[in-house]
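Residue-level listing of the chains:
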Amino acid sequence: MPANRRFRNVVRIGPVQVGTAFDVRGREKHTAACTAPRCGFSADYDSRAAAELAARTHRCPVR
């Protein structure tokens with residue numbers, strides 16, 4: 001079952017969106033997810049800086 005999260009502070013860096021939400025245990029998590037077709041990149045991070053760094057350095061494998 002997919003996670004139902006309410007993201008806040010969403011920002012777009014290239015094709016990647018970075019958003020902040022609370023996980024099921026109430027901890028703040030930062031997610032970076034690529035919106036390009038057929039890419040599939042997404043990851044959760046403990047800090048906003050790490051999520052934004054991943055968004056800035058992400059390169060889609062499918063071109």
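Predicted model, so just to flag it, every value in this text is computed and none were measured.

What counts and what doesn't
- Residues numbered from 1 in each chain as written.
- Predicted model: local features only at pLDDT ≥ 70, side-chain atom pairs only at ≥ 80, totals over all residues.
- Heavy atoms only, no water.
- Salt bridge = Lys/Arg side-chain N within 4 Å of Asp/Glu carboxyl O.
- Helix = DSSP H or I, 4+ residues; strand = E, 2+ residues; numbered from the N terminus.
- Polar contact = N/O pair within 3.5 Å; in protein donor to acceptor, adjacent residues only side chain to side chain.
- Buried < 20%, exposed > 50% of the residue type's maximum accessible area, 1.4 Å probe, protein only.
- Pairing = 2+ DSSP bridges.

Trainee: Describe the pattern of salt bridges, listing the residues and the values that go with them.
Mentor: The tally for this structure, following the rule as stated, stands at five salt bridges. In this structure, Asp23 and Arg27 form a salt bridge, with 3.2 Å as the shortest nitrogen-oxygen distance. Connected through shared salt-bridge partners, Arg48, Glu52 and Arg56 make up one network.

Trainee: Go over the environment of Thr57, please, and point to the residues and values.
Mentor: By the element assignment, Thr57 lies in helix H1 (residues 48-57). Through-space distance from the C-alpha of Thr57 to that of Val16 is 10.0 Å; in sequence the pair is 41 residues apart. A polar side-chain atom of Thr57 sits 2.9 Å from the main-chain carbonyl oxygen of Leu53.

Trainee: Explain the environment of His30 to me, and be specific about the residues and the numbers.
Mentor: Looking at the element boundaries, His30 is found in strand S3 (residues 28-34). Look at His30 and you get buried, because its relative accessible area is 6%. In sequence terms His30 and Phe7 are 23 residues apart; their C-alpha atoms lie 9.1 Å from each other. A polar side-chain atom of His30 sits 3.0 Å from a polar atom in the side chain of Thr20.

Trainee: Please give an account of the pairing of strand S2 (residues 16-22) that cites residues and values.
Mentor: Here S2 lies mainly inside the structure; five of its seven residues are buried. The pairing of strand S1 (residues 8-13) with S2 spans four bridges and is antiparallel. Of the residues in S2, the one forming a bridge with Val11 is Val18. The hairpin formed by S1 and S2 contains two residues between the paired strands, and Gly14 there has a positive phi angle of roughly 65°. Note: S2 against S3, seven bridges, orientation antiparallel. Its bridge partner being in S3, Thr20 is matched across the sheet by His30. Where S2 folds back onto S3 in an antiparallel hairpin, the turn is made up of five residues, including Gly26, whose phi is positive at roughly 85°.

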